[in-house]
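# Observations on the three-dimensional arrangement
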Amino acid sequence: METSKRFEIDIVRLSTFSEEVSWHLDDSFFEALDAELIEHGNLDATLRVHNVSGGYELEFAVTGEVSIPCDRCLELMRQPISTRQTLRVQLAEAYSDDGDVITVAADSPTLDVAWNIYEVIALALPIQHVHPEGQCSSDMASLLSQHTAHGPDEAHPSDQDSPFAALQGLFDGTKR
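Below you will find a few notes about this structure. Owing to the predicted nature of the structure, the values given are computational and were not obtained by experimental measurement.

## So, the pattern of salt bridges
A full pass over the atoms with the stated rule returns 4 salt bridges. Here Arg 48 ties to Glu 20 by a salt bridge, and the two come within 2.5 Å at their closest N and O atoms. Separated by 28 residues along the polypeptide, Arg 48 in strand S3 (residues 40–52) and Glu 20 in strand S2 (residues 20–25) bring together distant segments of the chain. Take Arg 48: its relative accessible area is 43%, and that puts it in the partly exposed class. Measuring nitrogen to oxygen at the nearest pair gives 3.2 Å for the salt bridge that ties Arg 84 to Glu 59.

What follows is the structure, given as structure tokens:
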């Protein structure tokens, strides 16, 4: 993961001055992270740091659109993103990230938030990525219909040639 210094923030300074940091994220952001799930995007990300008891809260807000592969046809599809997420940060002896809380060294309270922004975006994606009905690649849709398993009631052209055709009678009580 190679990102520029523009995603490094000084947590203590930002929380003291109540500043907001904003970035525009495009394809170069995802290329620099070598992200596999998302390759293309056009998003705006904002970060606010709040001083809270026992540490800091990083509040991320991301809006825009990413391009991800459709689970059905594998063609790229556009997925709108609009999300907010909060991350907890504490100062301590050394850096650590246990998932719930990130610990940053107190003598150097700088944190590269590029990967955190990527995770905020990835977590905002729906579990299943599919085009709306009828918008998948027509070539892939026809291939899928040819290779989709059919129930015993539905006749499929290759059912007669199947090595399991003789066993089909066991399921519906008839013998072929």
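## Side note on a nonpolar patch on the surface
On the surface, Phe 164, Leu 167 and Leu 170 cluster together into a nonpolar patch covering about 360 Å² of accessible area. Looking at the secondary structure, you find Leu 167 in the loop between helix H4 (138–147) and helix H5 (168–172). With relative accessibility at 41%, the residue Leu 167 sits in the partly exposed group.

## Considering the pairing of strand S5 (residues 76–92)
Here 14 bridges tie strand S4 (residues 55–69) to S5, and the two strands are oriented antiparallel to one another. Bridge pairing links Glu 59 to Thr 86 in S5. In terms of strand pairing, S5 meets strand S7 (residues 101–105) through 5 bridges, oriented parallel. In the strand pairing of S7, Leu 91 is matched with Val 104.

## Overview of the nonpolar core
Membership of the largest hydrophobic core comes to 39 residues, with the highest contact counts inside it found for Ile 9, Trp 23, Leu 58, Val 113 and Ile 117. Secondary-structure elements contributing two or more residues to this core are helix H1 (11–17), S2, helix H2 (27–33), S3, S4, S5, S7 and helix H3 (114–124). Residue contributions to this core peak at 6 residues, all from S4. Ignoring sequence-local partners within four residues, the contact set of Leu 58 consists of Ile 9, Leu 47, Arg 48, Val 49, Gln 85, Thr 86, Leu 87, Val 89, Leu 111 and Val 113.

## A word on the packing of aromatic side chains
To describe a pair of aromatic rings, you give the distance between the ring centres and the angle between the ring planes. Per the counting criterion, the structure on display carries 5 aromatic pairs. Residues Phe 29 and Phe 30 carry aromatic rings whose centres are separated by 5.1 Å and whose planes lie at 80 degrees to one another, so their mutual orientation is edge-to-face. Neither residue differs from the other here; Phe 29 and Phe 30 are each classed as buried. Relative to Tyr 118, the ring of Phe 30 has its centre 6.3 Å away and its plane inclined at 70 degrees; by these criteria the two rings are edge-to-face. One end of the pair, Phe 30, is in helix H2; the other, Tyr 118, is in helix H3, with 88 residues separating them in the sequence. Looking at Tyr 118, the relative accessible area reads 7%, which means it is buried. Cluster of aromatic residues (ring-pair linked, three or more members): Phe 7, Trp 23, Phe 29, Phe 30, Trp 115 and Tyr 118.

## Details of unusual backbone geometry
Of note in the backbone geometry, Leu 74 takes a positive phi value of approximately 70 degrees without being a glycine. Relative to the helices and strands, Leu 74 is located in the loop between S4 and S5.

## Points about the sheet that holds S2
Pairing within the open sheet is mixed, and its 6 strands lie in the order S2-S3-S4-S5-S7-S6. The open sheet has two free edges, formed respectively by S2 and strand S6 (96–97), since each of these has just one partner strand. Strand direction decides the pairing type here: S2 and S3, joined by 6 bridges, are antiparallel. Note on S3: the bridge partner recorded for His 24 is Asp 44. Running at roughly 130 degrees to S5, H3 makes contact with S2, S3, S4, S5 and S7 of the sheet.

Basis of the calculations
- Here the residue index of a chain counts from 1 through its sequence in written order.
- Confidence filtering applies because this is a predicted model: local features only for residues at pLDDT of at least 70, side-chain atom pairs given and counted only at 80 or more, and all residues used for totals across whole chains, interfaces and linings.
- Think of the side-chain values as coming from all heavy atoms in the structure, minus any hydrogens and water.
- When a carboxyl oxygen of Asp or Glu lies within 4 Å of a side-chain nitrogen of Lys or Arg, that pair is called a salt bridge.
- By the criteria applied, helices consist of DSSP H or I runs no shorter than four residues and strands consist of E runs no shorter than two, each listed in order from the N terminus.
- For every residue, the accessible area obtained with a 1.4 Å probe (protein chains only) is divided by the maximum for its type, and the residue is called buried under 20%, exposed over 50%, and partly exposed between those limits.
- Each patch is built from residues that are more than 30% exposed by relative accessible area and take part in no salt bridge. Like charges join if they lie within 9 Å; nonpolar side chains (Val, Leu, Ile, Met, Phe, Trp, Tyr) join within 5 Å.
- The Shrake-Rupley method, run with a 1.4 Å probe, gives the accessible areas here. Residue values count only the displayed protein chains as cover.
- A pair of strands is considered paired only if DSSP assigns at least 2 bridges between the two.
- Only buried residues count toward a nonpolar core, which is a set of Ala, Val, Leu, Ile, Met, Phe, Trp, Tyr and Cys residues joined through side-chain atoms within 4.5 Å.
- The contact criterion used throughout is that any non-hydrogen atoms of two residues lie within 4.5 Å.
- Centres within 6.5 Å make a pair out of two Phe, Tyr or Trp rings, where for Trp the six-membered ring is used; the pair is then stacked when the planes are under 30 degrees apart, edge-to-face when over 60, and tilted otherwise.
- To get an axis, fit a line to the C-alpha atoms, keeping to the stretch in contact for a helix; angles then go from 0 to 180 degrees between the N-to-C directions.

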